[in-house]
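Fold and geometry: a report
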Amino acid sequence: MQTIANETKKLIAKYKKIKNFKDVLWGLLFASPVIIGVAVFTFYPALESLYYSFTDYDMFNEPSFRQFDNYVVMFTLDPDFWVVWKNTLLYAGISIPLNLLLGFFLAQAANFKVKGITVYRTLFYLPVIIPSVASGILFADMFLVGPSGIFNNILEAIHLPALTWFSDERTSLATFIFMNVWNVGGGMIIWLSCFKNIPVTLYEAAELDGANAWHKLVSITIPMSTPIIFYNLITGIIGSLQVNSSLIVGGVDGRGVGDSLYFVAIKIYNEAFGGSYNMGYACAYAWVMFLFIALLTFIVFKKSKWVFYGEEG
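What comes next is a walk through the structure. These figures come from a predicted structure and were not determined experimentally.

Comments concerning the overall build of the chain
Helix and strand counts for the chain stand at 14 helices and two strands. Out of the 313 residues belonging to the chain, those deemed buried represent 34%. Considering only contacts within the chain whose residues lie at least 6 apart along the sequence, 64% involve residues at least 24 apart. Just so you have it, the chain exposes about 19900 Å², and 69% of that area is on carbon and sulfur atoms.

Details of helix 11 (residues 226-241)
With 16 residues, helix 11 should cover 22 Å at 1.5 Å per step; its first-to-last C-alpha distance of 22 Å lies within 8% of that length. On the buried face of helix 11, the contacting elements are helix 3 (81-110), helix 8 (185-196), helix 10 (213-224) and helix 14 (279-302).

Some thoughts on the packing of helix 10 against helix 11
Put simply, helix 10 and helix 11 touch, their axes get as near as 4 Å, and they point 50 degrees apart. With respect to each other, helix 10 and helix 11 are oriented oblique. Residues Ile222, Pro223 and Met224 of helix 10 pack against Thr226, Pro227 and Ile229 of helix 11. Taken together, the residues of the contact of helix 10 with helix 11 break down into five nonpolar, one polar and no charged.

Considering the nonpolar core
Of all hydrophobic cores here, the largest spans 47 residues; its most connected members are Tyr71, Met74, Trp85, Trp191, Val264 and Tyr285. Of all the secondary structure elements, the ones that give two or more residues to this core are helix 2 (69-76), helix 3, helix 8, helix 10, helix 11, helix 13 (264-273) and helix 14. Element by element, the count of residues in this core is highest for helix 14, at 11 residues. Residues contacting Trp85, with those up to four places away along its chain left out, are Val264, Val288, Met289 and Phe292.

Comments concerning the pattern of salt bridges
In total, this model carries eight salt bridges according to the counting rule given. The closest approach of N and O atoms between Asp78 and Lys267, which form a salt bridge, is 3.3 Å. Here Asp78, found in the loop between helix 2 and helix 3, pairs with Lys267, found in helix 13; they are 189 residues apart in sequence, far enough to count as distant. Assigned by exposure class, Asp78 and Lys267 land together as buried. The partner of Glu271 in a salt bridge is Lys267, with the nearest N and O atoms 2.9 Å apart. Remark: Lys267 and Glu271 occur in helix 13; sequence separation between them is four residues, near one turn of the helix. For the residue pair Glu271 and Lys267, the accessibility class agrees, reading buried in each case.

Calculation criteria
- Residues numbered from 1 in each chain as written.
- Predicted model: local features only at pLDDT ≥ 70, side-chain atom pairs only at ≥ 80, totals over all residues.
- Heavy atoms only, no water.
- Helix = DSSP H or I, 4+ residues; strand = E, 2+ residues; numbered from the N terminus.
- Buried < 20%, exposed > 50% of the residue type's maximum accessible area, 1.4 Å probe, protein only.
- Contact = heavy atoms within 4.5 Å.
- Areas by Shrake-Rupley, 256 points an atom, 1.4 Å probe, with all protein chains shown as cover.
- Expected span 1.5 Å × (residues − 1).
- Axes fitted to C-alpha atoms, helices over the stretch in contact; angles between N-to-C directions.
- Parallel < 35°, antiparallel > 145°, perpendicular 65-115°, else oblique.
- Nonpolar A, V, L, I, M, F, W, Y, C, P; charged D, E, K, R; others polar.
- Core = buried A, V, L, I, M, F, W, Y, C linked by side-chain atoms within 4.5 Å.
- Salt bridge = Lys/Arg side-chain N within 4 Å of Asp/Glu carboxyl O.

Printed below as a string of structure tokens:
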């Protein structure tokens, strides 16, 4: 009887393995379109660009292996290297905290229980769905310097001096940062979803203890929002370091007046498609940017002990 029981257990275990294997096959079959798409359109191009970064490849000739020459030239001889990284880091250092704060307080305003709040939320989010090309044309008209400039006409109407906007390198980057605040409504939706998940009982208990609005903000809302702060910080780092100025506001080469809008992404685009078609050098730039973003993201993850994910079981 013991032998029969052992054989039965072996058969059951074998059947479970076969069933699990079939389940895995079915899962892979249904996921295969996504797996194939990611492999063909993401992993393969990424590996190919890594190879090209070590070559002299200009789209018209076969790539010839150059070892680390592209990287040596980038760090030692390229006069644009420090310019593009200075502009990119300056933009990221200002826009990331600015968008975090504006999205947070805009969501706070949109979270009030007042009549017609849904309409206000829609209006706040509406700029996000406007295509980037359309918004670029819109802002190009609004920031014009001259009698047809909408913003300058508004400033003059309230007896304030007109500004130079994109026509001066001293104000060009600040104008670009101000222009990108236009899309802060996208982050507002994420903040709102976070606020809706904070238990109301926490606020009620705080009110019973005599807490005012400020105490509830710093003791409940912000600590309970740390996962969203962390998420927005990561996506902000990735997005801001890949920023590129529109050709509409950055000129024909996207560099802006006096290279004030010359970002790393613009440098990559100009090297690859700006006339020289130096794909190998552009790939080297892209991989340096990727490694820098990966390093910053890793540091943020390592220092994420301040994020509160709820009570541990």
